[in-house]
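Summary of structural features
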2 protein chains.
Amino acid sequence: MEHRIEQIKKQLHAHSYKLTPQREATVRVLLEREEDHLSAEDVYLLVKEKSPEIGLATVYRTLELLSELKVVDKINFGDGVSRYDLRKEGAKHFHHHLVCIECGSVEEIVNDLLEDVERIVQNEWGFEVKDHRLTFHGICKQCQAATVKAT
Amino acid sequence: MEHRIEQIKKQLHAHSYKLTPQREATVRVLLEREEDHLSAEDVYLLVKEKSPEIGLATVYRTLELLSELKVVDKINFGDGVSRYDLRKEGAKHFHHHLVCIECGSVEEIVNDLLEDVERIVQNEWGFEVKDHRLTFHGICKQCQAATVKAT
DNA sequence: TTTTTAATTTATAATTAATATAATTAAAAG
DNA sequence: CTTTTAATTATATTAATTATAAATTAAAAA
Ligand SMILES: [Zn+2]
Ligand SMILES: [Zn+2]
Ligand SMILES: [Zn+2]
Ligand SMILES: [Zn+2]
């Protein structure tokens, strides 16, 4: 935890941004809830618990800043809100997601499954891939089991 | 064109929805601009040219309905708006996108490049894939050429 | 064809997410 | 310590989307 904060602090400084207490509080929330996919509002409410004086606009600006630094990735699962997802330590690419259309759960796939596909896109379409977004929509394990039981 | 409208009419009736003139006008715009990625507002303005009496809310509702019927796919490229993309005739899955981070262009890949990946997701994660969203972010051919020339 | 009915549209109003503004505060530099 | 710059707050505003209620209409039934 402290180690990653230190690391993010360095990244901020490298771009001559400061690690203010508000920014640190925001990063801590993201680290604590690494598995989740929080909206700006969600983050705001969680940060407020520990730093009640923070403003919503600051959280928005901080998340925007962290996106710019590739510390978080901004993603949209089709409900109206943007969600902010901490990039896994050292990952070059954004991880993938499995969204269940029954229960709404979101599972993560950390393995990069797109290396072959990216090679094809590069070679056959001449497109230089820098990053990707891959989300599967379907039925999660739990909901599959529930369906079988119900029949 | 007429053929696809007829087809969509049948799909609507199958769910006991009507094909109103407003809906037909909306579908025609989507068919005419099949390659584009229009926002609801974009669609509204284009429909208005031919049917000036239509309301924005109707366009929103129609697009929502067409999404539900899988005639269009709703997608978000990270700017604040949802875009509506006509599904290719007969396609089981949503096609892929190449978004250029330099010029903002959006190219389409109609081939399904994810069959192997979906097999892996199914077998190793036990997730039953129904659909997917795949977008690559990178540098398009034109911008690559421009960069080389500039150096 | 006329009637009937449920679906749909219109013309608002209301929500909600996100961004902009200006005054204030905190931090860094000299 | 004083000056300068960056960041935050509190508020207002914008922009996308959704909700509401009254009026209209497509399509099924008579
Ligand atoms: Zn994630
Ligand atoms: Zn599920
Ligand atoms: Zn380009
Ligand atoms: Zn497309």
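Please refer to the structure placed before this passage.
These lines cover the structure that appears in this document, whether it is placed above or below. (Residues numbered from 1 in each chain as written. Chains lettered and ligands numbered in written order. Predicted model: local features only at pLDDT ≥ 70, side-chain atom pairs only at ≥ 80, totals over all residues. Heavy atoms only, no water.)

Overview of the coordination of the zinc ion (ligand 4)
All names here are of chain B. At this site the zinc ion (ligand 4) is bound by His37 (NE2), Asp85 (OD), His95 (NE2), His97 (NE2) and Glu108 (OE), with donor distances of 1.9 to 2.2 Å. Linear spacing of the donor residues for the zinc ion (ligand 4) on their chain is H-x47-D-x9-H-x1-H-x10-E. Of this pair, aspartate 85 sits in strand E3 (residues 83-86) while histidine 97 sits in strand E4 (residues 96-100), placing them 12 residues apart in sequence. Of the two residues examined, aspartate 85 and histidine 97, each falls in the buried class. (Donors = N, O, S within 2.8 Å, 3.2 Å for Na, K, Ca; no water. Helix = DSSP H or I, 4+ residues; strand = E, 2+ residues; numbered from the N terminus. Buried < 20%, exposed > 50% of the residue type's maximum accessible area, 1.4 Å probe, protein only.)

As for the interface of chain A and chain B
The interface is formed by 33 residues belonging to chain A together with 33 residues belonging to chain B. For the pairing of chain A and chain B, the buried interface totals around 2900 Å² over both sides, and the portion due to carbon and sulfur atoms is 68%. It is A:Trp125, A:Phe127 and A:Phe136 in chain A that bury the most area against chain B; as a group they hold 25% of the surface buried on that side. Counting across the interface, chain A meets chain B through 0 salt bridges. If you look at where chain A meets chain B, you find 10 residue pairs in polar contact (both at pLDDT 80 or more). Breaking the side of chain A that touches chain B down by element, the ones donating at least two residues are strand E4 (96-100), strand E5 (106-109), helix H5 (115-125), strand E6 (128-139) and helix H6 (141-150) of chain A. Among the elements that line the side of chain A that touches chain B, the one with the most residues is E6(A), at 12 residues. Partitioning the side of chain A that touches chain B into residue classes produces 17 nonpolar, 8 polar and 8 charged. (Contact = heavy atoms within 4.5 Å. Buried area = accessible area lost by both parts, 1.4 Å probe. Salt bridge = Lys/Arg side-chain N within 4 Å of Asp/Glu carboxyl O. Polar contact = N/O pair within 3.5 Å; in protein donor to acceptor, adjacent residues only side chain to side chain. Nonpolar A, V, L, I, M, F, W, Y, C, P; charged D, E, K, R; others polar.)

As for the sheet that holds strand E1 (residues 38-39) of chain A
Residue and element names in this part refer to chain A. With antiparallel pairing, 3 strands are arranged side by side in an open sheet as E1-E3-E2. Each of the sheet's edge strands pairs with one partner strand only, and the pair in question is E1 and strand E2 (72-75). On top of the sheet, helix H4 (residues 56-68) reaches E2 and strand E3 (83-86); it is set at about 110 degrees to E2, its chief contact. (Pairing = 2+ DSSP bridges. Axes fitted to C-alpha atoms, helices over the stretch in contact; angles between N-to-C directions.)

Here we look at the relation of the copies chain A and chain B
It takes a turn of 179 degrees to lay chain A on chain B, together with a shift of 0.0 Å along the axis; the resulting RMSD is 0.1 Å. The transformation just described matches what one would write down for a two-fold rotation axis. Judged by C-alpha distance, A:Leu134 is the residue of chain A that lies nearest the rotation axis, at 2.3 Å. Both copies share a contact surface, since 100% of the interface residues of chain A are interface residues in chain B too. (Least-squares fit on C-alpha atoms with pLDDT ≥ 70 in both.)

As for the coordination of the zinc ion (ligand 2)
Residues and elements named next belong to chain A. Protein coordination at the zinc ion (ligand 2): the donors are Cys100 (SG), Cys103 (SG), Cys140 (SG) and Cys143 (SG), at 2.2 to 2.4 Å from the metal. Geometry at the zinc ion (ligand 2) is tetrahedral, judged from the 4 donor atoms that bind it and their angles of 105 to 114 degrees at the metal. The exposure class of cysteine 103 is partly exposed, given its relative accessible area of 45%. (Tetrahedral: all angles 85-135°; square planar, octahedral: opposite > 155°, others 65-115°.)

Topic: the packing of helix H2 (residues 21-32) of chain A against H4(A)
Relative placement of two packed helices is described by the angle separating their axes and the distance separating the axes. All names here are of chain A. Contact geometry for H2 and H4: axes closest at 10 Å, N-to-C directions at 70 degrees. One element, H2, and the other, H4, form an angle in the roughly perpendicular class. At the point where H2 passes H4, the crossing takes the right-handed sense. Touching Gln22, Arg23, Thr26, Val27 and Leu30 of H2 are Thr58, Thr62, Leu63, Leu65 and Leu66, all from H4. In terms of residue class, the contact of H2 with H4 is made up of 5 nonpolar, 4 polar and 1 charged. (Parallel < 35°, antiparallel > 145°, perpendicular 65-115°, else oblique. Left-handed = near helix turned anticlockwise from the far one by under 90°.)

Some words on the protein's contact with DNA strand D
Around DNA strand D sit 19 residues in total, of which A:Thr20, A:Gln22, A:Thr58, A:Arg61 and B:Tyr60 are the nearest. Across the atoms of DNA strand D situated within 4 Å of the protein, the share located in sugar and phosphate is 78%. Here a sugar or linking oxygen of DNA strand D sits 2.9 Å away from a polar atom, N or O, in the side chain of A:Gln22. Contact between DNA strand D and A:Glu53: a phosphate oxygen at 3.1 Å from a main-chain N or O atom of the residue. For the surface near DNA strand D, the element with the most residues is helix H4 (residues 56-68) of chain B, which contributes 3 residues. Counted by class, the surface near DNA strand D contains 8 nonpolar, 6 polar and 5 charged residues. (Near = heavy atom within 4 Å.)

Overview of the sheet that holds strand E2 (residues 72-75) of chain B
All names here are of chain B. Read from one edge to the other, the open sheet built from 3 strands follows the order E1-E3-E2, with strand pairing classed as antiparallel. Two strands in the sheet have a free side with no partner beyond their single neighbour: strand E1 (38-39) and E2. Of the strand pairs in this sheet, E1 and E3 are connected by 2 bridges, and their pairing is antiparallel. Bridged to serine 39 within E3 is arginine 83. Where H4 meets the sheet, its contacts fall on E2 and E3, and the angle it forms with E2 comes to roughly 110 degrees.

What to know about the nonpolar core
A:Val117, A:Val121, A:Phe136, B:Val121 and B:Phe136 are the most contacted members of the largest nonpolar core, which totals 30 residues. Residue assignment for this core shows that the elements contributing at least two residues are E4, H5 and E6 of chain A together with E4, helix H5 (115-125) and strand E6 (128-139) of chain B. When near neighbours in sequence (up to four residues on either side) are disregarded, A:Val117 contacts B:Leu113, B:Val117, B:Leu134 and B:Phe136. (Core = buried A, V, L, I, M, F, W, Y, C linked by side-chain atoms within 4.5 Å.)

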